[in-house]
Structures are given as C-alpha cells and as structure tokens.
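The chain contents come next:
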Amino acid sequence: MSDATRALVEAIAEMREPEALTLAREMLDTGCDPLELLDSCRDAMDIVGRKFEEGEYFLVELLLAGEMLQQISAMARPLIQTDEPKDEDRSTIVLGTVQGDIHDIGKDIVTFMLDINGFEVIDLGVDVPVAKFIEAIGEAHPQVVGLSGFLTLSFNSMKQTIEAIEEAGLRQGLRIMIGGGQVDESIREFTGADAFGANAVAAVAIARQWTGAEG
Amino acid sequence: MTASASAAGELYAEREKRVRDAIELRTPDRVPIIFFCHFWAARYAGMSFREAMYDCEKLNEAARKAILELEPDIFQLPHAAVNLGRPMELMDYKQLEWPGHRGVDPNVPYQYLDREYMLAEEYQEYIFDPTGFMLRKYLPRVAGVFEPFAMLPEVSTLFYLKLIHSTAAVATPAMAEAGRALFQAGRESQQMLGTSAQLIAELTELGFPNNNLSFTSAPFDMFADYFRGSKGAMLDMIRHPDDLLAAMDKAAEILIRGVLADAAITGAQTVFIPLHWCLDGFMSPAQFETFFWPPLRKLLCALVEADLVPHVLWEGDCTTRLETIADVPRAKLVYFFERTDLFRAKEVLGDTVCLRGNVPAPMLTTGTPDDVRGFCRRLIEGVGRDGGLILDGGIGIPDDAKPENVRAMFASVAEYGA
C-alpha cells in the first residue's frame, strides 16, 4: 500500500472529509488507477464498519462515510477505462421497504453497506408491493432478500410478502432478513423471516454468513 | 348534584390524584394508565384511517367508545395529531403523505417526508432573523399556500411610511387566494378543536381527566426532522458544528416562548416532546452531550420553571443516555421510554422522574393477551408499585394493536397495580 493510499484510508476512516476528498483528487490527477483507489475506499469502510461494531462509531459516521465514498466514486468512475471486471461470484440481494411504508433512511444505509461490502444489491425502493418483490426475485435469483419497515403496519406487509414468496415457489434456497424501527425476534417469528438485524452492520454480517461471502 | 355526577366527580379526583402522585414520585393507590394512540381508536371503531383524518364527529365517537371501555386514568385524544386532512389539503402541506391523499392507501398512517427543507448555508440567515427566514423561505417550501409569502418585503424594515407602502407588495391575486385558503384551513382547524373540546367536556363529566397538552421538539430534532432533514442535521454535527449549535441556541429560546404562549391560551399543563434522533446507535455519547442534551435540557428546565410537566418520549433504546438525562429537577417530569429497559431506567432515574411506558409495540401488535399481562405484571410489580410509573405502550397504543391485547394492558393495572 502506497503512502498516499494509506493516508486516504486513514482520512476516510477518521472522518476527515475535506482531506479525504483532496487526497483522492490528487491521486487521480497523478495517475493512480481508479479501480485501486476504489479498493482502498473499501478497506477504509472495513475499518468504519469495525468501529461501528465496537461501539466507537455511530449512524452519523456511517452516513458521513457514505457521503465520502459517493463523492470519491463520482470522481473515479469517469476515469475507469475498461468495464469493471464483473465478479460472477458476487452474491445478489434484493431489498426494499415493504408496502405501506415509505421510510428510506435505514434501507438506504443497508443498501450502501451491502454494496460496499461486495454484494450485488437490487434496491426496489419504498412502499414496494408484494408483486414487485416476486418479480425481482424471479428475475434476479438472489441468495438473500431484505425487507425493511419502520411502521407497525410493516409487520403484516413483511409477513404477506414472505408468504407470497413461498406461494410463488421462490422460497427454496432463499434466505430472508428483516429490519427497521421496532423489528425484534418476535416479529421475525411472526413474519417467518430467517433473521432480523438491528442495524446495517448486522445486515452485512447476516448476509456474509448466509452467502459465505468474503465481502 | 345527582348521585352519578357526584360519583363521576369522585372518580375524576381519584384518577387525577393517582396520576399526580405517580408524577410527583409518591406512592399512588395503584399504578395509573394513560390512553394515547394515533389511529388505533379509529380502526377499533371500524373507521378507515382516511376517515379519521377527515371526519371529526366520527373520530369523537371512536375515541369515546375506546375511552369508556378501557377506563384510563388520563387520556390524550388523537384528534390534534390525526384529524388534519382538510386543513392540510387546503394548505397544500408538503411534509406529510397521508391516507387517501395522492394515491396513498386509505388505511396506512400518515408518514413524514424526511427531506432537506433548509440548506446548511442558511443557518446564518436563520440565526440572524428567524422570523424573516420562516416567513419568506421556510413556509413557502413546506406548504403551497405560503408560496406568495416568498415575495413579502423585509418585515423588520416595516416602520413609519414604509409600512404603508409595503401594502402594495401584498395586494396580489396570489396573496388574496392564500388569504382565502388560510381562512378556510383555519375554520377547519377551529372545528376540529371545537369538536374535540366537546368530547373532552363530556368525558370530564363522566370522570375522565384529559391530559391537556401542548407539544414541541428538542432543538436538535426540530432541525433534523423539519428543517435540514435527518441526514443533513446528523452530518452538520461534523460539517457545520458551530452553525448548528448557534441555531439550536436560538431555537431553544423560540421553542420555550412558543410553548408558554400556547399554554397561556389553551391552559395546557403538560408538554409532549417526542425525541427522534438521539437514540443509542444514532449518535455518540459525546455528540449527545454536545449537541442534543444541552439545548433540550434548557428547554425542559424552562418548562418546569413555568409549572408545566414535560412528557419526554425517548424513542428507541436510550440506555446509554440515562445517567446524563438524570440531571433535571426532581419529581417534575415524565420520561416516556419506547424500548429502553424500564428496570434499568428505574435504577438510574427512579428518584428523579416518573417513567412512562412501555409495553412493546410488537407485543401489542402480534403477541397474545397472556404475553401482555405477564409483561405488565413484571413492570407494575418491579417498577411501578411505589410510584413513578404511568403504564402505556412503548409509543402509546400502536395503530395495529390487537384489541384483546389493549384490553389486557388496561385490565392489568386493576389486577396487579395496587
């Protein structure tokens, strides 16, 4: 790892946004491979995720890390000469906020964290009807489905979505995780999901465990 | 006075004392319970959520039915939180989606649109002249009816002849239309308040005390929820900490003035303050102690000073905040915890504030009456018998709670509360 890369990883991991953006700009301007640059961002996110798990970082830091990565990615992507090598092994996850609920902040962080950890994420958005989940699962054949919801009405929507997935014959080999607001073990049981996660880092851990992904 | 009226009067006094004893940390004759919901009463009476937002008379019937059946020690009507469909439509209010509006299902609750309604660059403008900022920038963004206000002259410069000349700026068809729409919206709001006041009077006659409340926000939440968006305000702690702190300092004073003015008109005795962005996991202890707690504490102490009882709803799990938030006047506040373990809260705060809560929403929604009874019994026996507990759901009665579970929660205070 070069000195510049090390400095960038540290700036992101230590939440020094202006410094991280300046370093990234300088590295790209002096010919650093944009793909390598994005790889070092992932290294930085590993540190951020670990600090979150250890209780040193909080939602605020996840949000800021997301902002930094988005901006660096916007600088790097136009400079990528060839198509990014498509990793056929990337596990696919379909997720969305269930029908009747339009809350997106939790789901967006989960999407971001899964994406940065190497999963192929298909985010269906908010207030997602059961049929849209079925369609997406049928097309993308994901290994994992994530259902998000903040309102108490989402408990029923999650249950209905999972039942519909079963009725459509798509449950075989598919693991379903739920999360958001008030979801707990009793709601996992009520909905028939395989697991619930209390936050975005937990969602990544569950998805890794299920797919055996290195991330 | 008839015999039944006298019995109702006694019941009223008994219930009021029970609640007051709990709040002031004396041992009540039994643990009190509060009735607080958004759409549950409407659903229980067979109304759609949309009807609850538009039909005040019918909402009165629904709330009356629920309160007479459940016999709470104190009640909080849902009207001011949910019966808002018509004024919101007339004002073209943009911060909420609500049932039956713009294609939203008639049986989902209204939902907040978490957006950036004020830019980070505008903190200084807010701090310099909050009223001008609200009138000309903020209001036109959050409700279509106020769009013509963007053209208002600088209000702070309107003295002497400039005041007379300024009328030219407001004599526009758009402003006239805004005036008409606001008048109609105001009539609708008056009707809601009048209709719910009739029910409050009727229930008072029957022996049920009303939790006469005003409501406000923590200064951080005010910016996170309604101005900067949650992501904006969270990131401001790192990107624009000085602006955020200065704006909250100003906002705390304004929020205090707002509640005191409101209470002077309505006679409110309590202040409901739901907190959204300070739970464990959202911000660090250091961030909580720097950004969230000091302006909130200032607000709480001013309200207590004015003899108002804050009911602070600590949403989510706030276990790591307990020691910090114990620094408030004794026996003057209610801390309403959604998911924080009340046994732990009692250890830390039991000598300081009255606790409220917290039968979990998942249990009330998907559990059984036995689950609820067991939970309430543990809470009452372990936390509440010697005072300092008002039983409630984690966030009141959730919209989707099973009626038999709600009945079990209300029955538990008689079964185990004394």
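Parameters and conventions
Residues numbered from 1 in each chain as written. Chains lettered and ligands numbered in written order. Predicted model: local features only at pLDDT ≥ 70, side-chain atom pairs only at ≥ 80, totals over all residues. Heavy atoms only, no water. Helix = DSSP H or I, 4+ residues; strand = E, 2+ residues; numbered from the N terminus. Buried < 20%, exposed > 50% of the residue type's maximum accessible area, 1.4 Å probe, protein only. Polar contact = N/O pair within 3.5 Å; in protein donor to acceptor, adjacent residues only side chain to side chain. Contact = heavy atoms within 4.5 Å. Pairing = 2+ DSSP bridges. Axes fitted to C-alpha atoms, helices over the stretch in contact; angles between N-to-C directions. Salt bridge = Lys/Arg side-chain N within 4 Å of Asp/Glu carboxyl O. Domains from an automatic or database assignment. Buried area = accessible area lost by both parts, 1.4 Å probe. Nonpolar A, V, L, I, M, F, W, Y, C, P; charged D, E, K, R; others polar. Disulfide = S-S within 2.5 Å. Core = buried A, V, L, I, M, F, W, Y, C linked by side-chain atoms within 4.5 Å.

Attention shifts here to the side chain of Arg18 of chain B. Residue and element names in this part refer to chain B. Residue position: Arg18 is located in helix H1 (residues 3-23). Look at Arg18 and you get buried, because its relative accessible area is 6%. A distance of 2.7 Å separates the side chain of Arg18 from the side chain of Asp29, its partner in a polar contact. If near-sequence neighbours (up to four positions away) are discounted, Arg18 is found in contact with Pro28, Asp29, Arg30, Val31, Pro32 and Asp73.

Moving on, we get to the sheet that holds strand E5 (residues 195-197) of chain A. Residue and element names in this part refer to chain A. In space, the 5 strands of this open sheet follow the order E2-E1-E3-E4-E5, with parallel pairing throughout. Of all strands in the sheet, those bounded by a partner on one side alone are strand E2 (120-123) and E5. Here the strands of the sheet are splayed against their neighbours by 25° on average, with no regard to which way each runs. For strand E3 (residues 144-148) and strand E4 (residues 175-179), the ladder comprises 5 bridges, and the chain directions are parallel. Bridge pairing in E4 places Ser148 opposite Gly179. This element, helix H5 (residues 105-116), spans strand E1 (92-97), E2, E3 and E4 of the sheet and lies at about 170° to E1. Packed on one face of the sheet, helix H6 (residues 130-140) meets E1, E2 and E3 and runs near 170° to E1.

This brings us to the sheet that holds strand E7 (residues 309-314) of chain B. Neighbouring strands of a sheet are bound in pairs by backbone hydrogen bonds; such pairs are parallel or else antiparallel. Residue and element names in this part refer to chain B. Spatial strand order, E5-E6-E7-E8-E9-E10: 6 strands in an open sheet with parallel pairing. Only two strands of the sheet have a single partner each, and these edge strands are strand E5 (213-215) and strand E10 (389-393). Put simply, the sheet's adjacent strands are angled 25° from each other on average, direction ignored. Note: E5 against strand E6 (residues 270-275), 3 bridges, orientation parallel.

Turning our eyes to something else, we now look at the pairing of strand E9 (residues 354-359) of chain B. Residues and elements named next belong to chain B. Within E9, 6 of the 6 residues are buried, which leaves it mostly tucked inside the rest of the structure. Where strand E8 (residues 334-337) and E9 come together, 3 bridges link them in parallel fashion. Each residue of the ladder has a partner; that of Phe336, found in E9, is Arg356. Note that E9 and E10 share 5 bridges and pair parallel. Counterpart to Arg356 in the pairing with E10 is Ile390.

With that settled, the discussion passes to the pattern of salt bridges. Side-chain pairs of opposite charge can arise where the charged atoms are in close proximity. Using the criterion set out here, one finds 49 salt bridges over all chains in the structure. Across the pair Arg16 of chain A and Glu10 of chain A runs a salt bridge, and its minimum N-O distance is 3.1 Å. For Arg16 of chain A, a relative accessible area of 31% translates into the label partly exposed. Overlapping salt bridges, with partners in common, bring together Glu14, Arg18, Asp29, Arg30 and Asp73 of chain B in one network.

The next thing to look at is the domain arrangement of chain A. All names here are of chain A. Parsing chain A into structural domains produces domain 1 (3-79) and domain 2 (92-211). Each of domain 1 and domain 2 has a C-alpha centre, and the two are 27 Å apart. Each side of the interface is counted separately: domain 1 has 12 residues, and domain 2 has 8 residues. Carbon and sulfur atoms make up 84% of the surface buried where domain 1 meets domain 2, a total of about 840 Å² over both sides. The interface formed by domain 1 and domain 2 contains 0 salt bridges. One can count 0 residue pairs in polar contact (both at pLDDT 80 or more) joining domain 1 with domain 2. Of all the secondary structure elements, the ones that give two or more residues to the side of domain 1 that touches domain 2 are helix H3 (34-53) and helix H4 (59-76). Each residue belonging to the side of domain 1 that touches domain 2 can be placed in one class, and the counts come to 7 nonpolar, 2 polar and 3 charged.

Residue and element names in this part refer to chain B. A complete count under the given rule lists 0 disulfides over all chains for this structure. Its sulfur unpaired, Cys354 is 15 Å from the next cysteine sulfur, which belongs to Cys376. Note on Cys354: relative accessible area 0%, which makes it buried.

Moving on, we come to the interface of chain A and chain B. Of the residues lining the interface, 27 residues belong to chain A; the matching set on chain B comes to 31 residues. Both sides of the chain A and chain B interface together cover about 2,300 Å² of buried area, and 64% of this is carbon and sulfur. Considering only the side of chain A, the residues that lose the most area to chain B are Phe58, Val60 and Gln182 of chain A, jointly responsible for 24% of the buried surface there. Here chain A is connected to chain B by 3 salt bridges. Between Glu17 of chain A and Arg239 of chain B there is a salt bridge, with its nearest N and O atoms 2.6 Å apart. For the side of chain A that touches chain B, the elements supplying multiple residues, two or more each, are H4, helix H7 (153-167) and helix H8 (185-191) of chain A. Across the side of chain A that touches chain B, the residue classes break down as 15 nonpolar, 7 polar and 5 charged.

Note on backbone geometry: most residues besides glycine have negative phi, and most peptide bonds are trans. All names here are of chain B. Phi is positive for Asp307, which is not a glycine, with a value near 65°. Looking at the secondary structure, you find Asp307 in the loop between helix H14 (285-305) and E7. Phi at Ala331 is positive, roughly 60°, even though this residue is not glycine. Positionally, Ala331 belongs in the loop between helix H15 (322-325) and E8.

Moving on, we get to the nonpolar core. Membership of the largest hydrophobic core comes to 168 residues, with the highest contact counts inside it found for Phe35, Trp40, Phe220, Trp314, Tyr335 and Phe337 of chain B. Sorting elements by how many residues they give to this core places H4 of chain A first, with 11 residues. Two domains each provide a minimum of three residues to this core, namely domain 1 (3-79) and domain 2 (92-211) of chain A. Ignoring anything within four residues of it in the chain, the contact list for Phe220 of chain B reads Ala233, Met234, Met237, Leu244, Met248, Trp277, Met283, Phe291 and Phe292 of chain B. One finds Val130, Leu174, Val183 and Ala193 of chain A within the second-largest nonpolar core, a separate group that totals 22 residues.

What follows deals with the environment of Met283 of chain B. Within the secondary structure, Met283 of chain B is located in the loop between E6 and H14. With relative accessibility at 0%, the residue Met283 of chain B sits in the buried group. Placed 49 residues apart in sequence, Met283 of chain B and Met234 of chain B show a C-alpha to C-alpha distance of 8.1 Å. Met283 of chain B has contacts with Phe58 and Val60 of chain A together with Phe220, Met234, Met237, Trp277, Cys278, Phe288, Phe292 and Arg321 of chain B, leaving out every residue within four places of it along the chain.

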